[in-house]
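Examination of the molecular architecture
Listed below, chain by chain, are the residues.
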Amino acid sequence: MENSIKKGFYFKQYQAPNQSPFDKLFEIFKELITYTSGDFDEAISWLRELDKEYKLTDENYTIDDFIEDLKKKGYIKDEVKEDGTSGLGITAKTERAIRQQALDQIFGKLKRSGNGNHKTKYSGSGDEHTGEFREFHFGDSLERISLTESLRNAQINNGVADFMLTENDLVVEDAQYKAQMSTVLMIDISHSMILYGEDRITPAKKVAMALAELITTRYPKDTLDILVFGNDAWPIAIKDLPYLKVGPFHTNTVAGLQLAMDMLRRKRNTNKQIFMITDGKPSCVKERDGSYYMNSNGLDEYIVDKCYTQAQQARKLHIPITTFMIASDPYLQKFVKRFTEANQGKAFYTGLKGLGEMIFEDYETNRKKRIK
């Protein structure tokens, strides 16, 4: 009797990955340092509380040992705080580790690309080989000619005995253009980003850090600028993302859009775009005399009209705006819909879960444009 082969699933008890005590604590520490906006003392305080509850350490490796290892490995350093006291702070090495963790969490384990560019749907005398072949055309670079395939064609067409290589036998390896993209990411830091019992700024920070790590490692020829907007708008460096906090601000969407377009005007790349992460309605504009007009009650027609004007201006500059609205109020969705129509951009009405994946997919889609 023949042995029958059984197919199906085999279940076994979950086994956690084998991590050193330092690595296990470091994963948690990176998460905490993001939530505390780079405050080392607060992050360690939370880590100690978690240790009490979940027994993360033992007598062989304590939180103090972990702190000492952080120093030895160059993740923290001595620094003087704003109040003049001495203390510990994170280093650039930690900032990079936080961005990498955000990338892994949100976008998955992406393989780095040596050239760091994305293919477009257009083929021809581009930059990146596709692995496919086409017949030789006048003007094709001689380096593109596939010698093996061309000789094979010559043998088929002319025979081996009377071998002859003609222009009709030549084939070249097809290539695709590598589009370059300049992106400005706008992050709302108005007070509503931490209201209503929901932390919205930390997921937004994670998305920004992941996008920054993605572009610098996978698409190094692309550019990413990040700005925040509350009562005003101002740029921030990628290295400052872990320290980003909300403030007692209204939402000056107009100022953010104006600054984003100013940034993109200076870029040489043909492909430009704006990503805007926000959870609230525009409630503030700055007047020419420097004063602020603010109204948090409903949608102020004066304010939203100025937003529509900026959307139209971006459209004239061929800059699409993709809005990620992390709120579900019907009247806000109505505003976003009209705003998107004015720009002919895109809008996604999403919660915090899945925000990163959605931005990544849209970024990849928008890059598939030929440089004109």
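Residues numbered from 1 in each chain as written. Predicted model: local features only at pLDDT ≥ 70, side-chain atom pairs only at ≥ 80, totals over all residues. Heavy atoms only, no water.

**Some words on the overall build of the chain**
Counting its secondary structure elements, the chain contains 10 helices and 13 strands. Relative to its 372 residues, the chain shows a buried fraction of 45%. A fraction of 70% describes how many contacts in the chain between residues 6 or more apart in sequence connect residues 24 or more apart. By element, 49% of the accessible surface of the chain is carried by carbon and sulfur atoms, the whole surface being about 21300 Å². (Helix = DSSP H or I, 4+ residues; strand = E, 2+ residues; numbered from the N terminus. Buried < 20%, exposed > 50% of the residue type's maximum accessible area, 1.4 Å probe, protein only. Contact = heavy atoms within 4.5 Å. Areas by Shrake-Rupley, 256 points an atom, 1.4 Å probe, with all protein chains shown as cover.)

**Things to note about empty space enclosed by the protein**
Here the structure, examined in full by the defined rule, presents one cavity of 30 Å³ or more. When its volume is computed, the largest cavity comes out at roughly 60 Å³. As for the largest cavity, its lining consists of Phe229, Thr253, Met276, Thr278, Gly280, Pro282, Thr323, Met325, Phe335, Val336 and Phe339. At the level of elements, strand 9 (271-278), strand 12 (321-325) and helix 9 (330-343) are the ones that each hand at least two residues to the lining of the largest cavity. Top contributing element to the lining of the largest cavity by residue count: helix 9, with three residues. Across the lining of the largest cavity, the residue classes tally to seven nonpolar, four polar and no charged. (1 Å grid on protein atoms, 1.4 Å probe; cavity = no way out; pocket = protein on both sides within 12 Å on 5 of 7 lines; lining within 4 Å. Points joined across faces, edges and corners; volume = space filled by probe spheres on them. Nonpolar A, V, L, I, M, F, W, Y, C, P; charged D, E, K, R; others polar.)

**Regarding the pattern of salt bridges**
On inspection of all chains with the given rule, the structure shows 12 salt bridges. Among the ionic pairs, glutamate 213 bridges to arginine 99, the shortest N-O distance being 3.5 Å. With glutamate 213 in helix 6 (residues 201-218) and arginine 99 in helix 4 (residues 92-107), the pair connects residues that are 114 residues apart, well separated along the chain. Side by side, glutamate 213 and arginine 99 carry an identical accessibility label, which is buried. The salt bridge involving aspartate 262 is made with arginine 265; its shortest N-O contact spans 2.6 Å. Remark: arginine 265 and aspartate 262 occur in helix 7 (residues 253-265); sequence separation between them is three residues, near one turn of the helix. (Salt bridge = Lys/Arg side-chain N within 4 Å of Asp/Glu carboxyl O.)

**A look at the confidence of the model for the chain**
When pLDDT drops low, the exact placement of atoms in the prediction is not to be read closely. With 84% of its residues at a pLDDT of 70 or more, the chain shows a mean pLDDT of 84. Considering each helix and strand of the chain separately, the mean pLDDT is smallest for strand 3 (residues 118-124), with a value of 45, and largest for strand 8 (residues 233-236), with 98. Throughout residues 109-128 the model reports pLDDT below 50, and contacts reaching past four residues in sequence, or to other chains, amount to 69 contacts. (pLDDT = per-residue confidence, 0-100.)

**As for the packing of aromatic side chains**
Applying the stated rule across the entire model yields 13 aromatic pairs. Ring centres of phenylalanine 26 and tyrosine 75 lie 4.4 Å apart, and the angle between their planes is 45°; on these two criteria the pair is classed as tilted. Of the two residues, phenylalanine 26 is situated in helix 1 (residues 21-35) and tyrosine 75 in the loop between helix 3 (63-72) and strand 1 (76-80); the sequence distance between them amounts to 49 residues. Classification of phenylalanine 26 by relative accessible area gives buried; the value is 6%. Note on tyrosine 75: relative accessible area 13%, which makes it buried. Ring geometry for phenylalanine 275 against phenylalanine 324: centres 5.6 Å apart, planes inclined by 85°, an arrangement best described as edge-to-face. Of this pair, phenylalanine 275 sits in strand 9 while phenylalanine 324 sits in strand 12; the two residues are 49 residues apart in sequence, bridging distant segments of the chain. Taken together through their ring pairs, the aromatic side chains of Phe22, Phe26, Phe29, Phe40, Phe66 and Tyr75 make up a single cluster. The ring of phenylalanine 22 has lysine 73 lying over it, and the distance from NZ or CZ to the ring centre is 4.9 Å. (Phe/Tyr/Trp six-rings, centres within 6.5 Å; stacked < 30°, edge-to-face > 60°. Lys NZ or Arg CZ within 6 Å of the ring centre and 35° of its normal.)

**Thoughts on the layout of surface pockets**
Of the voids in this model, the largest pocket is the one considered here, and its volume is about 430 Å³. Along the walls of the largest pocket sit 18 residues, with Gly38, Asp39, Glu79, Lys81 and Tyr243 positioned nearest its centre. Mapped onto the lining of the largest pocket, the elements with two or more residues apiece are helix 2 (40-54), strand 1 and strand 2 (86-90). Partitioning the lining of the largest pocket into residue classes produces five nonpolar, four polar and nine charged.

**Considering the sheet that holds strand 12**
A sheet is described by the order of its strands in space; here six strands give the open sequence 8-7-6-9-12-13, paired in mixed fashion. The outermost strands of the open sheet, each flanked by one partner alone, are strand 8 and strand 13 (346-349). On average, each strand axis in the sheet is tilted by 20° relative to the strand beside it, whichever way the strands run. Sheet topology note: the strand 9/strand 12 ladder contains five bridges and is parallel. Across the sheet, isoleucine 277 pairs through a bridge with phenylalanine 324, a residue of strand 12. Helix 9 rests against strand 9, strand 12 and strand 13 of the sheet, and its axis sits at about 160° to strand 13. (Pairing = 2+ DSSP bridges. Axes fitted to C-alpha atoms, helices over the stretch in contact; angles between N-to-C directions.)

**With respect to the pairing of strand 7 (residues 223-229)**
Most of strand 7 sits inside the fold, with five of its seven residues counted as buried. Of the strand pairs in this sheet, strand 6 (residues 181-188) and strand 7 are connected by seven bridges, and their pairing is parallel. Along strand 7, the bridge assignment pairs serine 182 with threonine 223. For the handedness criterion, the β-α-β arrangement of strand 6, helix 6 and strand 7 is classed as right-handed. By the bridge criterion, four bridges tie strand 7 to strand 8 in an arrangement that is antiparallel. Bridge pairing in strand 8 links valine 228 to tryptophan 234. (Right-handed = clockwise from strand over helix to strand, strands pointing away.)

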